[in-house]
Amino acid sequence: MKTLKFKTNINCNNCLSKVSPKLDEETKIESWEVDLNSDDRILTVNSESITHEEVFKTVLKAGFIAKPLES
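Summarised in this report is the structure supplied together with it. Just so it is clear, the structure is predicted and the values come from calculations on it, not from any experiment. (Residues numbered from 1 in each chain as written. Predicted model: local features only at pLDDT ≥ 70, side-chain atom pairs only at ≥ 80, totals over all residues. Heavy atoms only, no water.)

All right, on to the environment of Phe6 then. Relative to the helices and strands, Phe6 is located in strand β1 (residues 2–8). Filtering out sequence-adjacent residues up to four positions away, Phe6 remains in contact with Arg41, Ile42, Leu43, Val45, His52, Val55, Ala66, Lys67, Pro68 and Leu69. (Helix = DSSP H or I, 4+ residues; strand = E, 2+ residues; numbered from the N terminus. Contact = heavy atoms within 4.5 Å.)

Formed by 17 residues in total, the largest nonpolar core has its most connected members in Val19, Leu43, Val55 and Val59. Looking at this core, the elements with two or more residues in it are β1, α1 (13–25), β2 (29–34), β3 (43–47) and α2 (52–61). Top element by residues in this core is α1. It accounts for four residues. With sequence-adjacent residues up to four places away left out, Leu43 is seen in contact with Leu4, Lys5, Phe6, Thr8, Leu23, Trp32, Glu33, Val34, Val55, Val59 and Ala66. (Core = buried A, V, L, I, M, F, W, Y, C linked by side-chain atoms within 4.5 Å. Buried < 20%, exposed > 50% of the residue type's maximum accessible area, 1.4 Å probe, protein only.)

This next bit is on the pairing of β3. Of all five residues in β3, four are buried; the element is thus mostly enclosed. Of the strand pairs in this sheet, β1 and β3 are connected by five bridges, and their pairing is antiparallel. Within β3, the residue paired with Thr3 across the bridge is Asn46. The pairing of β2 with β3 spans five bridges and is classified as antiparallel. (Pairing = 2+ DSSP bridges.)

Below, the structure is given as structure tokens:
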């Protein structure tokens, strides 16, 4: 399992409710969470096979940006 981290513009619970269905329906994502207390609103995705680009596109479908953090 690999863990990918992204800086996002998901700022509140309302934003989270908009992006949740998109992330939940992505079958390659095992689990995910957004830290709304972080200044960078870090999205953490756990997956065996998803790419940074696929996560970016999934979040973009909900109208938000997920920029990969340098590891």
